[in-house]
Amino acid sequence: MRRILAPLIVLSLALLFAGASSAQLASSAWPMFRHDKFHTGSSDEHAGPVNPMLVWSYVTGFDVRSSPAIGSDGSVYAGSRDNRLYVLDSGGILEWSYNTGFNIYDSSPALGADGRIYVGAMHPSGGSPLCVFTSVGTVAWSYFTGEMIMSSPVIGTEGGISFSSHDNTLYALYSSGSLFWSYRCGSDYSSPALALNGVRYVGSGDNRAYAISNDGTLKWSYLTGGPVASSPTVTSGWRCYVGSYDGRFYALGPDGSFLWSYRTAAVDFGIYSSAALGTDGSVCFGAKDNYFYSLTSNGSFLWSYATGQDVYSSPALDSTGGVYVGSNDNVLYAFSSHGTLLWSYLTGDEIHSSPALMGDGKVCAGSGDNVLYCIGQVPTPTPTPLVDVVVSSNSPAIGERFTVDATAQPVSQAFDAWGVIFGPGGAVYSFDLANPANIVTGAVPLATSVPGLTAPYPAHLLDLAIPPRTAGSYQVIVGLVPAGVAPTGPESAIGGANGYVGQENVTVR
């Protein structure tokens, strides 16, 4: 049944049109739950932090189980159990939030290429909506189901938006909000994944994993030993990976045939976490036995890591194979592709939210302490140049005068000071200290056998004109090198491994 969401804005007639339109997923670092419609949980373009620091945090009104999505501009989208959808800029500043009037529990936002945001909500006593917002936070439309929606929507193909509800139904909607088809089974569903051929893969509380064709008919189902709350991961060859509450992780063929399973030690709601797919075909997932697992594509054990509590969070893999996942021990973990712990970050409560890579070396996840966290890389300090060269112009005209200034940092050993300009065609010039308005041909030292510097030394070296008649690229280099070492070129001189060197490039017009 389709109704208008009472606390929200009434649909326009244009949006009520049930055309056979299709929605497209936004092109961004992490546009939806599990990154993409296949639910690989993996990015081949972006890396996360190796040396972590808290970049920002944002406090909502209730716990954040919803997994964040990342927009093309780095903005962060996440729901909270305070009924609100939050949109923060890349620096963690609130852009807007919307009170849906319904709890946003496990459902995570999906971002459309047209700027729309799709997220499910839930009301404990009955009907709940899929809420759809414009990029500026107004309501485009909503679609009510008969029960709460904990599923995250997936975007792609005809009947562009798919999600499941606890009314035991999998829905496929057009981008206009009209129903494409629905499929009903004996229990509630997990979040669906979508294959290239339009088949929806989904787990169900009736102990089965389902594949539903793009016309809404059953393609196949596979019976496990327990409810399947894990969202399937689908490969390009239509292999399906999914975990079950029976504690087993399953690999199923394109026709639903059994390929292999891996038995964890988890019992009683064994595997809730969804899997992430590595570029080498490996898969990784968390389990309720406190362990995080990595397996080969044929189900062989690669490595595991024992966290301090159950792992409900689904992992994110970065372009280096690094793994990011939360645990109910309140910790966000980062592992190398080989299972080595890179770092951990302690929050104030359980982490059910699945991390999202932000595309600029950061990772974002929510926590049960009501906070959305952004963890980034500790910046590498910019060293003070041993010799800092400053020119007044990087693009002077022929004959135009410009200044060169240099500041040298302390050096303990005796040195020679050189000021050399390497010009077009291999020409070499030096500063003429006797007449600072000129330069001379060849390499001539500024000073020799200087005993050392105990403090930074600034010097105004010259006010010169590049020789007329010669346009092109010049390298203005000032170096302090061990006494007796003469420069032979830009790389060796002034410098080399043992020298203090500063350089500015100048293009003469």
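Note that the structure is predicted; figures quoted are calculated from it, not measured.

(A) Highlighting the overall build of the chain. Looking only at helices and strands, the chain has one helix and 41 strands in total. By the burial criterion, 56% of the 509 residues in the chain qualify as buried. In the chain, of all internal contacts separated by at least 6 residues, the share reaching a separation of at least 24 is 52%. Carbon and sulfur atoms make up 52% of the accessible area of the chain, which amounts to about 19400 Å² in all.

(B) Inspection of unusual backbone geometry at higher detail. Phi is positive for N168, close to 70°, though the residue is something other than glycine. Along the chain, N168 falls in the loop between strand 11 (161–165) and strand 12 (169–173). Even without being glycine, N330 reaches a positive phi, approximately 80°.

(C) Quick peek at the environment of D280. Tracing the chain through its elements places D280 in the loop between strand 22 (276–277) and strand 23 (283–286). D280 sits in the exposed class, given a relative accessible area of 61%. For the pair D280 and S297, spaced 17 residues apart in sequence, the C-alpha separation works out to 8.1 Å. Engagement of the side chain of D280 in a polar contact is seen with the side chain of S282, the distance being 2.6 Å.

(D) Up close: the pairing of strand 8 (residues 128–133). Here strand 8 lies mainly inside the structure; six of its six residues are buried. Here strand 7 (residues 117–120) runs beside strand 8; their pairing, made up of four bridges, is antiparallel. Bridge pairing in strand 8 places I117 opposite F133. One ladder, built from six bridges, connects strand 8 with strand 9 (residues 139–145); its direction is antiparallel. From the neighbouring strand, L130 faces strand 9, where its bridge partner is Y143. Count of turn residues in the strand 8/strand 9 antiparallel hairpin: five residues, of which G137 carries a positive phi of about 95°.

(E) Region of interest: the sheet that holds strand 17 (residues 218–223). As summarised here, the arrangement of the four strands in space is 14-15-16-17, forming an open sheet in which the pairing is antiparallel. The open sheet has two free edges, formed respectively by strand 14 (193–194) and strand 17, since each of these has just one partner strand. Taken together, the five bridges between strand 16 (residues 208–212) and strand 17 define a ladder with antiparallel strand orientation. Paired with A209 across the strands is Y222, a residue of strand 17.

(F) Highlighting the side chain of T145. Here T145 lies in strand 9. Polar side-chain contacts of T145 include one of 2.9 Å to the side chain of S165. Not counting the four nearest positions on each side in its chain, T145 is found in contact with G127, S128, F163, S165, D167 and Y171.

(G) Seen up close, the pattern of salt bridges. Counted by the stated rule, this structure contains five salt bridges. In this structure, R81 and D63 form a salt bridge, with 3.2 Å as the shortest nitrogen-oxygen distance. Highlighted residues: R81 in the loop between strand 3 (76–79) and strand 4 (84–88) and D63 in the loop between strand 1 (52–59) and strand 2 (69–70), separated in sequence by 18 residues. Taking the relative accessible area as the measure of exposure, R81 reaches 24% and is therefore partly exposed. For D63, a relative accessible area of 10% translates into the label buried.

(H) The sheet that holds strand 31 (residues 363–366), seen in detail. Taking strand neighbours across the sheet as the criterion, the four strands line up as 1-32-31-30 in an open arrangement whose pairing is antiparallel. The open sheet has two edge strands with one neighbour each: strand 1 and strand 30 (356–357).

(I) Quick look at empty space enclosed by the protein. According to the stated counting rule, one finds two cavities of 30 Å³ or more in the structure shown. A volume near 40 Å³ is recorded for the second largest cavity. In terms of lining residues, the second largest cavity is bounded by Y58, T60, V64, A78, G79, Y86, L88 and L372. Secondary-structure elements contributing two or more residues to the lining of the second largest cavity are strand 3 and strand 4. The residue inventory of the lining of the second largest cavity, partitioned by class, reads six nonpolar, two polar and no charged.

(J) Structural detail: the packing of aromatic side chains. Within this structure, the stated rule accounts for 31 aromatic pairs. Centre to centre, the rings of Y245 and F269 are 5.0 Å apart; their planes meet at 85°, and the pair counts as edge-to-face. Here the residue Y245 occupies a position in the loop between strand 19 (240–243) and strand 20 (248–252), and F269 occupies one in the loop between strand 21 (258–263) and strand 22, the gap between them amounting to 24 residues. Classification of F269 as partly exposed rests on a relative accessible area of 41%.

(K) Spotlight on the side chain of S164. The residue S164 is located in strand 11 in this model. A polar contact is formed between the side chain of S164 and the backbone oxygen of Y189, at a distance of 3.4 Å. Ignoring anything within four residues of it in the chain, the contact list for S164 reads I149, S151, T169, L170, Y189, S190, S191 and P192.

(L) Representation of the layout of surface pockets within the structure. Reported here for the largest pocket is a volume of approximately 500 Å³. In terms of residue class, the lining of the largest pocket is made up of ten nonpolar, 17 polar and three charged.

(M) Inspection of the environment of G186 at higher detail. Tracing the sequence through the fold places G186 in the loop between strand 13 (179–184) and strand 14. With 19 residues separating them in the primary sequence, G186 and G205 have C-alpha atoms 7.7 Å apart. Among all residues touching G186, those that are not within four sequence positions of it are N168 and D206.

(N) Geometry of the pairing of strand 29 (residues 341–346). In this sheet, strand 29 lies alongside strand 28 (residues 331–335) in antiparallel orientation, the contact comprising five bridges. Residue pairing across strands places A334 opposite W343, the latter belonging to strand 29. Where strand 28 folds back onto strand 29 in an antiparallel hairpin, the turn is made up of five residues, including G339, whose phi is positive at roughly 95°.

Calculation notes
Residues numbered from 1 in each chain as written. Predicted model: local features only at pLDDT ≥ 70, side-chain atom pairs only at ≥ 80, totals over all residues. Heavy atoms only, no water. Helix = DSSP H or I, 4+ residues; strand = E, 2+ residues; numbered from the N terminus. Buried < 20%, exposed > 50% of the residue type's maximum accessible area, 1.4 Å probe, protein only. Contact = heavy atoms within 4.5 Å. Areas by Shrake-Rupley, 256 points an atom, 1.4 Å probe, with all protein chains shown as cover. Polar contact = N/O pair within 3.5 Å; in protein donor to acceptor, adjacent residues only side chain to side chain. Pairing = 2+ DSSP bridges. Salt bridge = Lys/Arg side-chain N within 4 Å of Asp/Glu carboxyl O. 1 Å grid on protein atoms, 1.4 Å probe; cavity = no way out; pocket = protein on both sides within 12 Å on 5 of 7 lines; lining within 4 Å. Points joined across faces, edges and corners; volume = space filled by probe spheres on them. Nonpolar A, V, L, I, M, F, W, Y, C, P; charged D, E, K, R; others polar. Phe/Tyr/Trp six-rings, centres within 6.5 Å; stacked < 30°, edge-to-face > 60°.

So, to be careful, I would describe these as geometric facts and stop short of saying anything about function.
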